[in-house]
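Survey of secondary and tertiary structure
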Amino acid sequence: MAGIATNSQTKSRTACPKHVTESPWVKWTLIGIALLYLTLLLVLPLITVFVQAFKKGLAVYLSAFDDEAARHAILLTLKTAAIAVPLNIIFGVCAAWAIAKFKFKGKNVLITLIDLPFAISPVIAGLVFVLLFGARGWLGPWLNTHDIQIIFALPGIVLATAFVTFPFVARELIPVMQTQGVQEEEAATTLGAKGWYIFLKVTLPNIKWGLLYGIILCNARAMGEFGAVSVVSGHIRGETNTIPLHIQILYQEYKYSAAFAFSTLLVGLALITLLAKRFLEWKQAKSET
């Protein structure tokens with residue numbers, strides 16, 4: 001019997017493949033290539049932005065923000081994000097809830113439409129809004145008759161920003177809600193709970209991390225959007241220029257120090273976004289342990 005057991009153990013060891021690992025030089029070569037790629041495309045450009053911004057001293061850096069047009073660009077960017085992001089939060093929660101919790105015809109169509117801004121160029125999105133709401137657009141004559149201005153004004157900027165950013169919240173919530181299932185909501189309904197109570201007490205605590213991720217990413221994209229906003233804004237200095245558009249104008253006017261100074265705002269926003277995302281991931285992992 002001992003011989004049979006020994007033979008069976010030997011066969012099992014020979015049948016199981018050994019764990020294969022790459023040689024050290026392959027591992028370090030791949031790591032080196034990845035680090036070199038990130039350094040050339042990410043680290044060096046970011047360092048260059050800050051070096052150029054502070055090249056002529058702190059006084060020159062701060063003077064870039066004293067201009068009235070500069071302050072208006074910052075205010076307009078914040079105002080646009082403050083309107084577009086809450087709209088996308090409402091849409092994202094509703095769309096994710098409908099897709100994850102219900103079965104209905106056209107669900108795949110809705111998912112495809114949510115992903116549409118990822119596939120369409122932002123410039124094309126801006127042109128679509130001009131075609132719809134511009135002076136010679138489909139709704140242009142009616143808007144002019146009622147003295148409503150959308151293109152070359154805040155409403156057009158908000159619409160373009162909301163269009164290019166609306167997938168972020170929904171796309172973060174859909175897989176979370178699908179994993180969560182409907183058992184807890186059904187149990188709460190059986191106990192007599194109503195819709196809003198179920199959402200606030202059952203659904204929201206389970207999706208809060210995904211919702212926060214989506215909000216952070218949506219806000220970062222909204223404040224840094226260039227293509228769609230560039231088309232619908234008209235580049236009116238001091239009126240319809242957001243931070244990215246103001247940076248472009250400064251660069252075209254050869255005001256490099258001011259352009260790079262404003263660029264640090266967007267770079268700082270990107271870094272804060274990454275840090276916030278990492279912090280939320282850490283908090284989520286800590287809460288699950």
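By the naming in an unreviewed UniProt entry, the protein is Sulfate transport system permease protein CysW, taken from Paenibacillus roseopurpureus. Taken from UniProt, the Function (unreviewed entry) comment for the protein reads in full: "Part of the ABC transporter complex CysAWTP (TC 3.A.1.6.1) involved in sulfate/thiosulfate import. Probably responsible for the translocation of the substrate across the membrane." Under the Subcellular location (unreviewed entry) heading, UniProt states for the protein: "Cell inner membrane".

Another point: the environment of Ala-82. If you trace the backbone, Ala-82 turns up in helix H4 (residues 68-101). Along the chain, Ala-82 and Leu-127 lie 45 residues apart, while their C-alpha atoms are 23 Å from each other.

The residues that UniProt annotates with the feature "transmembrane region" (unreviewed entry) are residues 28-54, 74-100, 112-136, 148-170 and 256-276. Summarising residues 28-54: 96% helix, 0% strand, and an end-to-end C-alpha distance of 36 Å. Along residues 256-276 the backbone is 100% helical and 0% strand, and the end-to-end C-alpha distance reaches 30 Å.

For the structure shown, the criterion picks out zero disulfides. Cys-218 takes part in no disulfide bond, and the closest cysteine sulfur, belonging to Cys-94, lies 14 Å away. Residue Cys-218 is classed as buried on the basis of its relative accessible area, which comes to 0%.

This brings us to a nonpolar patch on the surface. Together, Leu-36, Tyr-37, Leu-38, Leu-40, Leu-41, Leu-42, Val-43, Leu-44, Ile-47 and Val-51 line one region of the surface with nonpolar side chains, adding up to about 960 Å² of accessible area. Residue Leu-44 is classed as partly exposed on the basis of its relative accessible area of 41%.

Looking now at the pattern of salt bridges. Per the counting criterion, the structure on display carries four salt bridges. Residue Arg-237 is joined to Glu-253 by a salt bridge in which the shortest nitrogen-to-oxygen separation is 2.6 Å. Of this pair, Arg-237 sits in the loop between helix H12 (227-233) and helix H13 (243-252) while Glu-253 sits in the loop between H13 and helix H14 (256-288), and the two are 16 residues apart along the sequence. One network of salt bridges, in which partners are shared, links Arg-237, Glu-253 and Lys-255.

Between H13 and H14, the shortest axis-to-axis distance is 8 Å and the interhelical angle comes to 160 degrees. The angle between the axes of H13 and H14 places the two elements in the roughly antiparallel class. Crossing of H13 against H14: the hand is left-handed. In this structure, H13 uses Ile-243, Pro-244, His-246, Ile-247, Leu-250 and Tyr-251 to contact H14, whose residues at the interface are Tyr-256, Ala-258, Ala-259, Phe-262, Ser-263, Leu-265 and Leu-266. Of the residues in the contact of H13 with H14, the class split is 11 nonpolar, two polar and no charged.

It is worth spelling out the side chain of Gln-180 at this point. On the secondary structure map, Gln-180 appears in helix H9 (residues 167-180). Given the relative accessible area of 15%, Gln-180 is considered buried. With near-sequence residues (within four places) excluded, Gln-180 lies in contact with Lys-101, Glu-185, Val-202, Thr-203, Asn-206 and Ile-207.

Reading the values: rules and limits
Residues numbered from 1 in each chain as written. Predicted model: local features only at pLDDT ≥ 70, side-chain atom pairs only at ≥ 80, totals over all residues. Heavy atoms only, no water. UniProt positions renumbered as here; feature names shortened; annotations may be inferred. Helix = DSSP H or I, 4+ residues; strand = E, 2+ residues; numbered from the N terminus. Disulfide = S-S within 2.5 Å. Buried < 20%, exposed > 50% of the residue type's maximum accessible area, 1.4 Å probe, protein only. Patch = residues over 30% accessible without salt bridge, like charges linked within 9 Å, V, L, I, M, F, W, Y side chains within 5 Å. Areas by Shrake-Rupley, 256 points an atom, 1.4 Å probe, with all protein chains shown as cover. Salt bridge = Lys/Arg side-chain N within 4 Å of Asp/Glu carboxyl O. Axes fitted to C-alpha atoms, helices over the stretch in contact; angles between N-to-C directions. Parallel < 35°, antiparallel > 145°, perpendicular 65-115°, else oblique. Left-handed = near helix turned anticlockwise from the far one by under 90°. Contact = heavy atoms within 4.5 Å. Nonpolar A, V, L, I, M, F, W, Y, C, P; charged D, E, K, R; others polar.

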